[in-house]
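# A closer look at the structure
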Amino acid sequence: MDISIIVPLFNEAESLPELKAWIDRVMKANNYTYEILFINDGSTDNSWQIIEELHTQDPNHVKGIKFRRNYGKSPALFCGFERAQGDIVVTMDADLQDSPEEIPGMVDMIKNQNLDLVSGWKKKRYDSKLGKNLPSKLFNHTARRVTGIYLHDMNCGLKAYRNEVVKNIEVYSEMHRYIPYLAKNAGFGRIGEKVVQHQARKYGKSKFGLNRFVNGYLDLMSLWFLNKFGGKPMHFFGFWGSVMFMLSVAAVLVIGGTKLYALHNNTPAKLVADNPWFYIALTGIMLGTLLFLSGFIAELISRSNTDRNHYNIEKEFK
C-alpha cells in the first residue's frame, strides 16, 4: 500500500463526508493505493455514525477507531500509527483546514529528497493574530532554539512520514506537537518542510485554547530533559547536587572560620546562629544532598529499565 492517511477527530461530523471525497479525488488522480484511518476521539456528536456510513460505502479504503472517551490528539495518533500499513503515513486534521491536495507534493519530497519526515508550514494562516498567530510564532521560535530543528510550524497537523518513522516513535500525553523532535531523537533526522495552503474553518469551531501553549512549553522542557539526561540522570542531579553541597560546605567553613578568628583575637563577633548565611548554607547542604540522592535513585531506576539497551538499528550485515 502506498499511503495511510490518519485523521484524528473530535466532533467533526459535518466535515467528514467532504473530507473523504476530497481525499478520494486526490488519491485516484495520482493512482495511489491508500487507506483512511478515522480516529474518533470520544466525539459527542454523530461523527462515529458518519464514519460507519463511509466504511459501509467504501470498506476497502475507510477504517475507523472509536475511543470510549476523549483522550487527546496524541493517543489518537499513537493508535493510528500502530495500525498504519502504507509505505508513507500522512496525518491531517478533520476540519478541512488541511488540504489533501498537498499530499502528493509531500510524498514526492520524501521519495525524491530521501527525507524521513515532511512537515507542513502554514505560511499564510486564517486564524486570529492574537488568538493563534502570535502565540504560535513565539512557540515555534522557542521550539527551534531548544530542539535544533528549524521548522517554521512544528505543530502543523499536516505531515508525511516514512512508515518506519511512525513505528519507532512513541507519541503520548500531548507530545504530538513535537513529533519531528521525537523522530530526530529516534535517529530519523532527515526532516523537510513544505509550504501548505491553510483553509479557513468551514464548520464548527476550534477545539484548542490558549492553555495548549503553556502545556506545550512544559512538554518541550520535559522532552529536552529526557533526551539529554533520561538515560543518565546522575549527570544532572549528581552534578548540581555536588556543586550545591560543596559551595554550602565552603560557606559554613568560612562562617565558622570567621568566628574562630574573631575569638582568637578577642574581637567581638555575633553568634554563628545569628548569621542568616549560616542557615542558607545549611539549607544548601540539605538540598545538595537531596539532589545527589535523587540522581542516585533515578540512576538505579534507569539501570533496571528493560529497554535500556534498546537501539534503533538501521542496517546490519551478518
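Described below are features of the structure shown in this document.

The rules behind the values
- Residues numbered from 1 in each chain as written.
- Predicted model: local features only at pLDDT ≥ 70, side-chain atom pairs only at ≥ 80, totals over all residues.
- Heavy atoms only, no water.
- Salt bridge = Lys/Arg side-chain N within 4 Å of Asp/Glu carboxyl O.
- Helix = DSSP H or I, 4+ residues; strand = E, 2+ residues; numbered from the N terminus.
- Buried < 20%, exposed > 50% of the residue type's maximum accessible area, 1.4 Å probe, protein only.
- Pairing = 2+ DSSP bridges.
- Polar contact = N/O pair within 3.5 Å; in protein donor to acceptor, adjacent residues only side chain to side chain.
- Contact = heavy atoms within 4.5 Å.
- Axes fitted to C-alpha atoms, helices over the stretch in contact; angles between N-to-C directions.
- Core = buried A, V, L, I, M, F, W, Y, C linked by side-chain atoms within 4.5 Å.
- Phe/Tyr/Trp six-rings, centres within 6.5 Å; stacked < 30°, edge-to-face > 60°.

In total, this model carries 10 salt bridges according to the counting rule given. Taking the shortest distance from any N to any O, the salt bridge between K194 and E102 comes out at 2.6 Å. Of the two residues, K194 is situated in strand 7 (residues 191-195) and E102 in the loop between strand 4 (88-91) and helix 4 (103-112); the sequence distance between them amounts to 92 residues. Given the relative accessible area of 11%, E102 is considered buried.

Let's shift gears to the pairing of strand 6 (residues 159-162). Looking at chain direction, strand 4 and strand 6 are connected through 4 bridges and run antiparallel. Following the sheet pairing, T91 is matched in strand 6 by K159.

Here we take up the side chain of N40. Following the sequence through the fold, N40 ends up in strand 2 (residues 34-40). Its relative accessible area of 1% is what places N40 among the buried residues. Among the polar contacts listed, one links the side chain of N40 to the side chain of S43, at a separation of 2.5 Å. Apart from the residues within four sequence positions on either side, N40 is in contact with L9, S47, W48, I51, I65, K66 and F67.

If you check the backbone angles, N11 has positive phi at about 55° while not being a glycine. Within the element layout of this structure, N11 appears in the loop between strand 1 (3-9) and helix 1 (16-29). Non-glycine residue L96 carries a positive phi angle of around 70°.

In this section: the sheet that holds strand 3 (residues 62-66). Ordered in space as 3-2-1-4-6-5-7, the 7 strands form an open sheet in which the pairing is mixed. Two strands close off the open sheet at either side, each with one partner strand: strand 3 and strand 7. Taking each pair of neighbouring strands and ignoring which way they run, the sheet shows an average axis angle of 20°. Most of the contacts of helix 2 (residues 47-57) go to strand 3, to which it runs at about 155°, and overall it touches strand 1, strand 2 and strand 3.

On to the nonpolar core, then. Grouped together as the largest cluster of nonpolar side chains are 36 residues, with contacts concentrated most on I3, I5, M27 and F38. Among the secondary structure elements, those contributing two or more residues to this core are strand 1, helix 1, strand 2, helix 2, strand 4 and helix 4. Here this core takes 6 residues from helix 1, the largest share from any one element. Apart from residues no more than four positions distant in its own chain, F38 is found in contact with V7, L9, L16, L19, K20, I51, L54, V62, K63, G64 and I65.

In the structure shown here, the tally under the stated rule is 5 aromatic pairs. On the numbers, 5.0 Å between centres and 75° between planes, the contact of F239 with W240 is edge-to-face. When its relative accessible area of 47% is taken as the criterion, W240 is described as partly exposed.

Functional significance is not addressed by these values, which are geometric in nature.
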